[in-house]
Amino acid sequence: MNEDLRIHSWPCSYYLDTNKQWVSGRLSLTPVAIKFTADKTGELLVNFHLSSISEIKKESSNIIFSSLTILEKNTKHWFSSLQPSRNVVFNILEHFWREQLLSSQGGGAEAAALQSTKGKELTGLLAGSQKRLEDTAKVLHYQGEQFDNIMRGLNKIEGDMDVADRLLTELESPSWWPFSSKLWKAPLEAKPKETATVSDSKNQEGILIRIPVIITHRTDSNVKPGKLTLFASGLEISDCNSQVIHRFESKEVDDIRVHTPYEISVRQRFIGKPDTSYRLLSAKMPEAIPILEMQFSKKIQFLEDALGFAGATKSPQMDLGTSIWQAATGLLGGVVQPGSPAKEGMDNDQVQLQKHEKVSQEEAKELKQILKKLKGLALETEAELERQDEALDSITTSVDRATLNIDKQNRRMKKLT
């Protein structure tokens, strides 16, 4: 992820302690840092890492009103005249600061990250791919259940149409026809009693991902922290107390706009009343966007600032999975069988990587296990996709057949009337 990407910026004033004066400019937030640039000179007066922050507070005094202070190491930075409001800036900065501390890329984890071996990095990448495939399998399983429900509905429609056909035949038959009474009774006696087998899918379906977010409703300037939960059947927005603010079923979502890799908006359109729209900002949003792209491929739109991220996440199961698979198998081949022909199909970078960094036997064993799981998940996903393709063909055929039968019965009804 580009660390120089600007997530948000706000007009404000910064107290320059060296000159003992307030300077107008813009406070900017990137994925890893906070910056302040002066308007007049364009000079970068503040630039420090989120992990170096000790405290973020809302303060005021007799001289300074409605200010935001950031304690960075032993230096206290004062910001005032924040637009649109101090609360908005505080909530967003605090969210990214806390998530940075909790993240493995935070300040405390940076030193450990430098000491991590290439095997651990590769294990993390493969584990991410495994999680992505598992999420895909959950979505496909839910879609398969939807197809099964559609097929059951179409079968019931066909049964009802058979009954209607028999009734129409009875109506068209002359009064002296001796088997007329049986035509009325046969369907009723033969028709099995339908039992309600509707299950609550919301209770049965699993959670694909849940992330903390900063929520803005419609165009309101106020923001509040909450959570975004993605299910196979839709998405849910709740507050910090897990009280549901709004739930979007998949069919209710009209469009999802990805403004940046960290900010999206979800909208449901209405005729004659305002749209239902939420804007969601999160440090964990890059983890949720690939799942949203998979679920709402025809409804999601990447805006200009997110186009690069869209290219990076497109077809993650194919592009990213393939590259990781090739890199992992190449590394494993060099570790388990050094000097084997596995190196012949590798480029110079991979050969140099093996020369300088070896993967331990334990890491190689763990990587093999993950690769085995990935292969099994990929085969299951492929089989489910083929089954759904066949189900979709059957549904299309059944719908066409039902349409023809309905037209035929309509013509017969017109003749009777």
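The protein has the name Synaptosomal-associated protein 47 in an unreviewed UniProt entry, where Eubucco bourcierii is given as its organism.

(A) Highlighting the overall build of the protein. Within the protein, the secondary structure is distributed over 10 helices and 15 strands. In the protein, which comprises 417 residues, the proportion classed as buried is 39%. Residue pairs in contact within the protein that sit at least 24 positions apart in sequence constitute 53% of those at least 6 positions apart.

(B) Representation of the nonpolar core. Ranked by size, the top nonpolar core spans 32 residues in total, and within it L27, L29, I34 and L93 carry the most contacts. Top element by residues in this core is helix α1 (residues 86-102). It accounts for 7 residues. Of the domains in this structure, domain 1 (8-103) and domain 2 (207-306) are the two that each give at least three residues to this core.

(C) Representation of a positive patch on the surface. A surface patch of like charges, here positive, comprises K408, R411, K414 and K415. With respect to the helices and strands, R411 occurs in helix α10 (residues 361-416).

(D) Representation of the sheet that holds strand β1 (residues 8-16) in the model. Pairing is antiparallel in the open sheet, where 7 strands are placed in the order β4-β3-β2-β1-β7-β6-β5. Either end of the sheet is taken by a strand with one partner, and the two such strands are β4 (44-49) and β5 (53-59). Geometrically, the sheet is characterised by an average inter-axis angle of 30 degrees between neighbouring strands, direction not taken into account. Helix-sheet contacts for α1 involve β1, β2 (21-29), β3 (33-38), β4, β5 and β6 (67-72), and the interaxial angle to β5 is about 165 degrees.

(E) The arrangement of the pattern of salt bridges in detail. Scanning the entire structure with this criterion turns up 9 salt bridges. Between D17 and K20 there is a salt bridge; the shortest N-O distance is 3.1 Å. With relative accessibility at 47%, the residue D17 sits in the partly exposed group. When its relative accessible area of 55% is taken as the criterion, K20 is described as exposed. Among the ionic pairs, R247 bridges to E249, the shortest N-O distance being 2.9 Å. Here the salt bridges do not stand alone but share partners, grouping D255, R267, R269 and D275 into one network.

(F) Spotlight on unusual backbone geometry. Put simply, Q83 and P84 share a cis peptide bond, and its omega is 10 degrees. For P84, the location among the structural elements is in the loop between β7 (75-80) and α1. A positive phi is found at K73, a non-glycine position, where the angle reads about 55 degrees. You can see K73 is positioned in the loop between β6 and β7. We note that S242 has phi near 65 degrees; this positive angle belongs to a residue other than glycine. The topology assignment puts S242 in the loop between β10 (234-239) and β11 (244-249). When its relative accessible area of 45% is taken as the criterion, S242 is described as partly exposed.

(G) Layout of the pairing of strand β14 (residues 276-281). Most of β14 is tucked away: 5 of the 6 residues are buried. Direction of pairing for strand β8 (residues 207-217) relative to β14: antiparallel, over a ladder of 4 bridges. Pairing of I214 across the sheet is with L281, part of β14. Sheet analysis places strand β13 (residues 263-268) next to β14, joined by 6 bridges and oriented antiparallel. Bridge pairing links E263 to L281 in β14.

(H) Focus on helix α6 (residues 285-295). When you tally the buried positions in α6, you get 9 out of 11 residues, the bulk of the element. Of all the residues in α6, the buried ones are M285, P286, A288, I289, P290, I291, L292, E293 and Q295.

(I) Region of interest: the pairing of β6. Of all 6 residues that make up β6, 5 are buried, and the element is covered over most of its length. Between β6 and β7, which pair antiparallel in sequence order, lie 2 residues; one of them, K73, sits at a positive phi of approximately 55 degrees.

(J) Looking closely at the environment of L367. As for its placement among the helices and strands, L367 is situated in helix α10. Remark: the alpha-carbon pair of L367 and A127, spanning 240 residues in sequence, is separated by 9.1 Å.

(K) Just the side chain of E59, in detail. Mapped onto the fold, E59 is located in strand β5. Engagement of the side chain of E59 in a polar contact is seen with the side chain of T69, the distance being 2.9 Å. Of the polar contacts made by the side chain of E59, one reaches the side chain of K76; its length is 2.9 Å. The residues contacting E59, other than those within four sequence positions of it, are S66, S67, T69, K76, W78 and R86.

(L) The sheet that holds β14, seen in detail. Read from one edge of the open sheet, 8 strands run β11-β10-β9-β8-β14-β13-β12-β15, paired in mixed fashion. Two strands close off the open sheet at either side, each with one partner strand: β11 and β15 (300-302). For this sheet, the mean angle separating the axes of adjacent strands, direction not counted, is 30 degrees. Of the pairings in the sheet, the one linking strand β9 (residues 224-231) to β10 comprises 6 bridges and is antiparallel in character. Bridge pairing in β10 links F231 to G234. Contacts from α1 reach β8 and β14 within the one sheet, and its direction differs from that of β8 by about 155 degrees.

(M) View of the side chain of S28. Positionally, S28 belongs in strand β2. What makes S28 buried here is its relative accessible area of 12%.

About the criteria used
Residues numbered from 1 in each chain as written. Predicted model: local features only at pLDDT ≥ 70, side-chain atom pairs only at ≥ 80, totals over all residues. Heavy atoms only, no water. Helix = DSSP H or I, 4+ residues; strand = E, 2+ residues; numbered from the N terminus. Buried < 20%, exposed > 50% of the residue type's maximum accessible area, 1.4 Å probe, protein only. Contact = heavy atoms within 4.5 Å. Core = buried A, V, L, I, M, F, W, Y, C linked by side-chain atoms within 4.5 Å. Domains from an automatic or database assignment. Patch = residues over 30% accessible without salt bridge, like charges linked within 9 Å, V, L, I, M, F, W, Y side chains within 5 Å. Areas by Shrake-Rupley, 256 points an atom, 1.4 Å probe, with all protein chains shown as cover. Salt bridge = Lys/Arg side-chain N within 4 Å of Asp/Glu carboxyl O. Lys, Arg positive; Asp, Glu negative; His and termini not counted. Charge placed at Lys NZ, Arg CZ, Asp CG, Glu CD. Pairing = 2+ DSSP bridges. Axes fitted to C-alpha atoms, helices over the stretch in contact; angles between N-to-C directions. Polar contact = N/O pair within 3.5 Å; in protein donor to acceptor, adjacent residues only side chain to side chain.

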